[in-house]
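# Results of the structural survey
The primary structure of each chain is shown beneath.
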2 protein chains.
Amino acid sequence: MTTIKDIAKIARVSIGTVSNYFNNPDLLSKETYEKIRIVIDDFNFHPHSAARSLKSQHTRKIGIIPVVSPQDNFGALPSDNVFLEFLAAANAASAERGYGILMEAVVDDHLQVEKYKKLIGEKQVDGFLLLGTHVRDERIMYLLDEKFPFISFGRTEIGQPYPYVDVDGAKGIEDAVAYLAGLGHRRIGFIKPPDGLMCSKIRLEGFMNAMEKFNCVIDPNAIVEGDFSEESGKISLEKIIDSGCLITALFTPNDLAALGVMRAMSERSIKPGKDISIIGFDDLKLSAFWNPSLTTISQPIRHIGLLAVNALIDILEERDEFPQIIVEPRLVIRESTAIVA
Amino acid sequence: MTTIKDIAKIARVSIGTVSNYFNNPDLLSKETYEKIRIVIDDFNFHPHSAARSLKSQHTRKIGIIPVVSPQDNFGALPSDNVFLEFLAAANAASAERGYGILMEAVVDDHLQVEKYKKLIGEKQVDGFLLLGTHVRDERIMYLLDEKFPFISFGRTEIGQPYPYVDVDGAKGIEDAVAYLAGLGHRRIGFIKPPDGLMCSKIRLEGFMNAMEKFNCVIDPNAIVEGDFSEESGKISLEKIIDSGCLITALFTPNDLAALGVMRAMSERSIKPGKDISIIGFDDLKLSAFWNPSLTTISQPIRHIGLLAVNALIDILEERDEFPQIIVEPRLVIRESTAIVA
DNA sequence: CTGATAAATTGAAACGTTTCAATTATTATA
DNA sequence: TATAATAATTGAAACGTTTCAATTTATCAG
């Protein structure tokens, strides 16, 4: 195995100089640099990452700990495609800056904090990327306690400042309510994401505020808790209808649930987009292709992934304090919403 | 920072014994083991992973190198959701066996092999997981050359034996042709996945064989090349229709493309599932919910992810030679196929 | 109780880097 | 030309483990 030592010997410099080649190239004279470059190219040499990490105490790796079960899908995450898009962007951005992403799944929600402890203790990563924050997020409280670098996609209600990127869900809902109100809707239903999730709280607040502002009717029966699945959309719709509550429009936790809602409507001969307007959240690629195509609150998820990773690496490298970034969602109007009948 | 040394001192044993606690626990006497356990629990100690890797020359990490662009989606991968499902399963399975997954994206196809070289040179991972194999896959040829452990999801046409898990795409198509033939279809179209991909070749062969077997009409105009996108489905359909070729059924590279085909049909007043039967590939969760719901060849993708990771770790740990696993796809019959009009 | 054997434990030498104080070479200044 | 200041380079020590030959302790047969 070739090491920095071999390179040094062949290039007729000291190992410290070869080390500087990688870590402080501007300390080297042009000639020395070139001399070393040739040898390294020649051997296709790459420095041993574990040795580097051992000495330098950083890994140039970012950790992500998803909750996975072999049957189900990624667990506490906003929703599948959103996660994939986020991951794609995060991966691209981190690769760009010379970082890798270490994923180590946890099969049970409760083991999550343990896993963070483990990865920190083993010094496997320099920082973490968190998704799907809770109102009081244990992981964030733990990482804050440990002063371990991280950034979350999503806020929480923890008092201390901490780094996050989030989408302004309240604003998204407010814009949508304004739009619906403009179409004449007053009786608007709302399927909340699961309780405990921060996005759920934020969006609900936005909903309540906007409803009041536009003189809409807030019917408690029209506000039900669901989750991000297609199935849940169906169940939630049934719950609202069966309560005898009459609505002309409905918010869903995400596009997938919106699809479930639309299917359930068809089964009951309610025409989605005509009898009841539907608004999703996320803007999956597919949502434009459904029938009716889905009006939805679009999260710029790739942009969020990019921002998150870059902000995290800034923290890691330049000790930028607490980046707190809010991005605007965008209401994408399609066929699933219409003027009130 | 606590080290094995501190633990050793406090537990009044040698550092070698503490090391054995982690690596050869059965060498220790029950009492010694317990003594150490208590100290370790007390300190919440985790051994430094870089130090372990440096000495032991393995990392307990599995590499995945996706092709990502900040705009587009994961590139050379079968299709988005398939990748996510695979990743979820792979993550769960590897976590189970004490491995993490290191993802380091590459922004350009051509840089792929370079990235493999880098990760190998830096000793970042013990093995690789490859997806989306090509007929002559450069990555596989390189890894084989280097004798570096890997397993691929997908076969190639390289002469040497190497480890893979694959779905029997030919069988899947054959079953589907048999099914269509049973419904009276004879003029069946086929949208190929991109040329160069191994799955493309395998499926086309299956198609040709089955068509012959069932006395179907092979019209060259009915066989076009597409890709895994919705857009491509649309274009491919138009190409076939515009060629004047009359078909009663059509295979698509995946469910997404099938959706595009169905949309394009609607635009031309062709009724998907009635005028032309459509068969997808993958069986996305959503496919059951489209209108018409999609008949498709289902890949047991989570199972494949599990098998792949376990086979790879077997190679790494027990030097199991060349696992070569083929799993059967399953034809899922829904509304997008019907008796020929 | 002895000697032989097996089981448990020890500790020093690596693994391949980074770091940094010390040294040497180069350049600028008077 | 001598001196000071700066730029380049050096190499030994450390990072926290694993490994393994050597040593100690325990067990067993006779």
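Look up a bit, the structure's there.
I will try to describe carefully the structure that is included in this document. (Residues numbered from 1 in each chain as written. Chains lettered and ligands numbered in written order. Predicted model: local features only at pLDDT ≥ 70, side-chain atom pairs only at ≥ 80, totals over all residues. Heavy atoms only, no water.)

### Comments concerning the protein's contact with DNA strand D
Using the following cut-off: When we say a residue is near a molecule or strand, we mean one of its heavy atoms is within 4 Å of it. By the criterion applied in these results, polar contacts are pairs of N or O atoms within 3.5 Å in which, for protein atoms, one can donate a hydrogen and the other can accept it, and in which residues neighboring in sequence qualify only through two side-chain atoms. Working definition: helices are DSSP H or I runs of at least four residues, strands are E runs of at least two. Numbering for both runs from the N terminus. The nonpolar class holds Ala, Val, Leu, Ile, Met, Phe, Trp, Tyr, Cys and Pro. Asp, Glu, Lys and Arg form the charged class, and all remaining residues, Gly among them, are polar.
Taken together, 26 residues lie near DNA strand D, and Ser14 and Thr32 of chain A together with Ile4, Ser19 and Asn23 of chain B sit nearest. If you look at DNA strand D and keep only atoms within 4 Å of the protein, 67% of those are sugar or phosphate atoms. Taking Asn23 of chain B, its side chain carries an N or O atom lying 2.8 Å from a phosphate oxygen of DNA strand D. A distance of 3.3 Å separates a base oxygen of DNA strand D from a polar side-chain atom of Lys55 of chain B. Of all the secondary structure elements, the ones that give two or more residues to the surface near DNA strand D are helix H2 (15–23) and helix H4 (49–56) of chain A together with helix H2 (15–23) and helix H4 (49–56) of chain B. Within the surface near DNA strand D, the residues separate by chemical class into 12 nonpolar, 11 polar and 3 charged.

### Observations regarding the sheet that holds strand S7 (residues 223–225) of chain B
Residues and elements named next belong to chain B. Test applied: Should DSSP find at least two bridges between two strands, the strands are taken to pair. Helix axes are fitted only over the stretch in contact, all axes being lines through C-alpha atoms; the angle between N-to-C directions runs from 0 to 180 degrees. The contact criterion used is simple: two residues touch if any of their non-hydrogen atoms lie within 4.5 Å.
Taken in spatial order, the 6 strands make up an open sheet running S7-S6-S8-S9-S10-S12, and their pairing is mixed. Edge strands, defined here as strands with exactly one partner in the open sheet, are S7 and strand S12 (330–332). Going from strand to strand, the sheet's axes swing by 20° on average, the running direction of each strand aside. One ladder, built from 3 bridges, connects strand S10 (residues 295–298) with S12; its direction is antiparallel. Bridged to Thr296 within S12 is Val332. The strands that helix H9 (residues 198–213) touches are strand S6 (188–192), S7, strand S8 (249–251) and strand S9 (277–282); relative to S6, the one it contacts most, it runs at about 170°.

### Overview of the environment of Glu317 of chain A
As for its placement among the helices and strands, Glu317 of chain A is situated in helix H12 (residues 301–318). Linking Glu317 of chain A and Thr337 of chain A, residues 20 residues apart in sequence, is a C-alpha distance of 47 Å.

### Here's the deal with the protein's contact with DNA strand C
Taken together, 26 residues lie near DNA strand C, and Ile4, Ser19 and Asn23 of chain A together with Ser14 and Thr32 of chain B sit nearest. For DNA strand C, the fraction of protein-proximal atoms (within 4 Å) that sit in sugar or phosphate groups is 68%. A distance of 3.4 Å separates a base oxygen of DNA strand C from a polar side-chain atom of Lys55 of chain A. Of all the elements in the fold, those that place two or more residues in the surface near DNA strand C are H2 and H4 of chain A together with H2 and H4 of chain B. Of the residues belonging to the surface near DNA strand C, the class tally is 12 nonpolar, 11 polar and 3 charged.

### Observations concerning the pairing of strand S1 (residues 61–64) of chain B
Remark: a regular strand shows side chains that alternate across the two faces of the sheet. Residue and element names in this part refer to chain B. Inclusion rule: Under the scheme applied here, a residue whose accessible area is under 20% of the maximum for its type counts as buried, over 50% as exposed, and between as partly exposed, the area being computed with a 1.4 Å probe on protein chains only.
The alternating pattern of S1 places Lys61 and Gly63 on one face and Ile62 and Ile64 on the opposite face, and all of these are buried. Alignment of S1 against strand S2 (residues 100–103), held across 4 bridges, turns out to be parallel. Note that in S2 the partner of Ile64 across the bridge is Met103.

### Side note on the sheet that holds strand S5 (residues 164–167) of chain A
Spatial ordering of the open sheet is given by S11(A)-S5(A)-S4(A)-S3(A)-S1(A)-S2(A)-S2(B)-S1(B)-S3(B)-S4(B)-S5(B)-S11(B), a layout of 12 strands whose pairing is mixed. With partners counted over all chains shown, the strands left at the sheet margins are strand S11 (324–327) of chain A together with strand S11 (324–327) of chain B, one partner each. If you compare each strand with its neighbour and ignore which way they point, the axes differ by 20° on average.

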